[in-house]
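Residue-level listing of the chains:
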Amino acid sequence: MCGFAGSNSFSAESSFGFFSAVDIRGRDGVTTGNILGLDYRFARLALNDLSSAGQQPISSFCGRYTVLFNGEIYNFRKFGQELIACGIEFKSSTDTEVFVNMVSVWGLEATLSKVQGAFSCALFDAIENCIFLVRDPFGEKPLFYSCTDSTISFSSCLSSFRGFFPVCKENAKTFCEVGYISGIDTVFRDVFEVPVDSILRYDLCDGRLDKLSIQKLLKSTSDGSYHLNDALSHSVGLMGIADAEIGLFLSGGVDSSVVAAFCRQLHLDLRCYSFDTRYYGEGEMDAAKSVAKKLNVSHSVIHVDDIKFHENIDEYIESMTEPNTDPSYFALYELSKFAGKEVKAALTGDGADELFMGYRRHTLAQFFSNKIILQRFTFWILKFLTYFTLTIPNKTSDSISNILCLLSGQYRSFIKKQKGYAYKFKPIDIKSLLLEERNTFLLYQVLRKSDMAALANGVEVRAPFLMDVVVNSSLKYTPQELNDVKKNKIPLRDLLTHYELADSVEKGKRGFQLDTDRLIKNE
């Protein structure tokens, strides 16, 4: 919901571009200054406490900690009441002020074990003279850094480092082959991502950088006892509240329709927004309209004919604070621009496909699971076909390559769309496939696309499926209970049946997409 940058290597005056790159992430004011010898710049998108009292940085009641915070703590109200009972007086009603005071009272690691949210932050400790860089369990909010023995620079936007650090050719090649760069590496040399679910501690005295792992996600905790229905009710209930207006991106598919159903059950009056494209027929938009009508919620639609794609191409590129190859970026950008006139946050169905086996590749994996002879037969047939790739369309060739990787057990190559096969035929480990997918494709493609496209238009995206209680609930299901080949995302479809929405979303969907080939040809 915000953006920040800080450095004791670059100054705000001589390296303005490094700091100003974050302005795209916040339309409600910019602050600058210096904390512990580091210049900083903060751009705010106000969702809780819309007054100037919520502007950052914010310090703890004791003065020891100061924080630059990007994202949200959804359950902050509960802990705010506990801190008030301890005698702490708040100057604002923001989650950021609650967070920094939680750290002051309970410590950083204990605080991170309590909060539920999507965030990254830079926490300054005036007593130990150090900085903590922190990211949430799913890495929904980006944070990049570069450090030496005597300096450190960090930013919410990778574009801050453009022009100050050279491009890493090896990583750039990986991006061109895969579509994203996973892990801590970036397209720039000596610039890294703060690891997901981790804390980096940088000592301003000796320049030492230490990593601490939070390891909050996917643990056996009491949250695992949540039934999926209760977990989603809890998640949507927390994410559907803010001082600013909130909406919902309704695609007409299973995931967003489930979120819409829970919003209605919880009496959250959220306006729904959909993207209508003529290229895929009327079925998908009919589904979105049907869901909105059955739930009796307000519904606004933007049509592909209203988009001047060629005129806006420079705008799309400028909004990308890092490279992205997902064609649905353009549609999500336009939808966010459309919704941003009325709301500052929007709930989405992001993460459901990865948790509940919603992709076609998951159905394929389930079909071939434990069928070694069929795996071998199919593998060699497709392997034979690859010799004729000159006459096979590129998309078909890529699909064949992906299936070959899957059949030979190369899940990482399958997710990353890399060619090259190790002939190790064995039962397909679907859980390993899903874990690899969540750690790569979901994080570096899906979530990054949503974050960039929406925030560029002043909209914060919230993903109810990615709250820890929902994730842990999803892990209780076996692959067969999630996808039986005939149906995918079975637990979510059961919820739609319960809310009498199954008939509305029975057709397949493509999500928010533009047919970029047709638009480029101006058809």
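For the structure, check the block above.
Residues numbered from 1 in each chain as written. Predicted model: local features only at pLDDT ≥ 70, side-chain atom pairs only at ≥ 80, totals over all residues. Heavy atoms only, no water.

Trainee: Looking at this structure, how should I read the nonpolar core?
Mentor: A general feature of soluble globular proteins is that nonpolar side chains tend to end up buried together. The biggest cluster of nonpolar side chains holds 89 residues, and the ones touching the most others in it are I131, L133, F154, L232, V258, F465 and L492. Per-element tally for this core: the top contributor is helix α16 (residues 430-455), with 10 residues. The contacts of L133, once residues within four sequence positions are left out, are C121, A122, L143, Y145, I152, F154, V194, S198, I199 and L200. One finds I58, F69, M102 and L123 within the second-largest nonpolar core, a separate group that totals 24 residues. (Core = buried A, V, L, I, M, F, W, Y, C linked by side-chain atoms within 4.5 Å. Buried < 20%, exposed > 50% of the residue type's maximum accessible area, 1.4 Å probe, protein only. Helix = DSSP H or I, 4+ residues; strand = E, 2+ residues; numbered from the N terminus. Contact = heavy atoms within 4.5 Å.)

Trainee: Quick question: what am I supposed to make of the pairing of strand β2 (residues 30-35) here?
Mentor: Every regular strand shows the same layout, with side chains that alternate between the two sheet faces. Relative to strand β3 (residues 38-44), β2 is paired through 6 bridges, and the arrangement is antiparallel. Residue T31 lies in a different strand from β3, and its bridge partner there is F42. (Pairing = 2+ DSSP bridges.)

Trainee: Looking at this structure, I do not really get the sheet that holds strand β13 (residues 246-249). What am I missing?
Mentor: Pairing in this open sheet of 5 strands is parallel, and the strands run β15-β14-β13-β16-β17 from one edge to the other. At either end of the open sheet lies a strand with only one pairing partner, and these are β15 (299-303) and β17 (460-462). Pairwise comparison of adjacent strand axes, ignoring direction, gives a mean angle of 30° for this sheet. Sheet topology places β13 next to strand β16 (residues 345-347); 3 bridges connect them, and they run parallel. Pairing of G247 across the sheet is with A346, part of β16. Along the sheet face, helix α7 (residues 254-265) touches β13 and β16 and points at about 145° away from the line of β13. (Axes fitted to C-alpha atoms, helices over the stretch in contact; angles between N-to-C directions.)

Trainee: Got a minute to help me understand α16 in this structure?
Mentor: At L442, α16 is bent by approximately 50°, the largest bend along its length. Within α16, 22 of the 26 residues are buried, which leaves the element mostly enclosed by the surrounding structure. (Bend = angle between axes of the 7 residues up to and from the residue.)

Trainee: Where do I start with the pattern of salt bridges in this structure?
Mentor: Opposite charge on two side chains permits pairing when their charged atoms draw close. Under the definition given, this model contains 20 salt bridges. For R462, the salt bridge identified is with E72, shortest N-O distance 2.1 Å. One end of the pair, R462, is in strand β17; the other, E72, is in strand β5 (residues 65-73), and 390 residues separate them in sequence. You'll find R462 and E72 in the same group, each marked buried. In this structure, R271 and E342 form a salt bridge, with 3.2 Å as the shortest nitrogen-oxygen distance. Separated by 71 residues along the polypeptide, R271 in strand β14 (residues 271-276) and E342 in the loop between α10 (328-339) and β16 bring together distant segments of the chain. Connected through shared salt-bridge partners, R64, D125, E128, R201 and D203 make up one network. (Salt bridge = Lys/Arg side-chain N within 4 Å of Asp/Glu carboxyl O.)

Trainee: Which parts of the structure should I look at to understand the environment of A122?
Mentor: Looking at the element boundaries, A122 is found in strand β6 (residues 117-125). The class for A122 is buried, based on a relative accessible area of 0%. Taking C-alpha positions, A122 is 4.7 Å from L133, a pair spaced 11 residues apart along the chain. Setting aside residues no more than four positions away along its own chain, A122 makes contact with F4, T66, V67, L68, I131, F132, L133 and F154.

Trainee: Could you clarify how one ought to interpret the side chain of D353 in this entry?
Mentor: When you line up the elements, D353 lands in helix α11 (residues 352-355). Since its relative accessible area comes to 14%, D353 is described here as buried. Among the polar contacts listed, one links the side chain of D353 to the side chain of K489, at a separation of 2.8 Å. Setting aside residues up to four positions removed in sequence, D353 forms contacts with D255, G358, Y359, H362 and K489. (Polar contact = N/O pair within 3.5 Å; in protein donor to acceptor, adjacent residues only side chain to side chain.)

Trainee: Teacher, can you tell me more about helix α2 (residues 76-85) here?
Mentor: Within an α-helix, residues lying three or four positions from one another point in the same direction, as the helix has 3.6 residues per turn. Every buried residue belonging to α2 is among F76, F79, G80 and L83, and all of these are buried. Across the axial projection of α2, the buried residues extend over an arc of 110°, all falling on one side. Turned more than 90 degrees away from the buried face of α2 sit K78, Q81 and A85, all of them exposed. Looking at the buried residues of α2, the elements they touch are β5, α3 (95-106) and α4 (108-114). Directly after α2, the chain includes G87, whose backbone phi takes a positive value near 100°. (Arc of directions from axis to C-beta.)

Trainee: Even after reading the chapter, I still don't get the packing of helix α6 (residues 228-239) against helix α19 (residues 490-498), so can you show me in this structure?
Mentor: Any two packed helices are characterised by how steeply their axes cross, that is the angle between the axes, and by the distance between the axes. Here α6 crosses α19 at 80°, and the two axes come no closer than 11 Å. It follows that α6 is roughly perpendicular to α19 by the angle criterion. Where α6 approaches α19, its residues L228, N229 and L232 are matched on the opposing element by P491, L492 and L495. Its residues assigned to classes, the contact of α6 with α19 shows 5 nonpolar, 1 polar and no charged. (Parallel < 35°, antiparallel > 145°, perpendicular 65-115°, else oblique. Nonpolar A, V, L, I, M, F, W, Y, C, P; charged D, E, K, R; others polar.)

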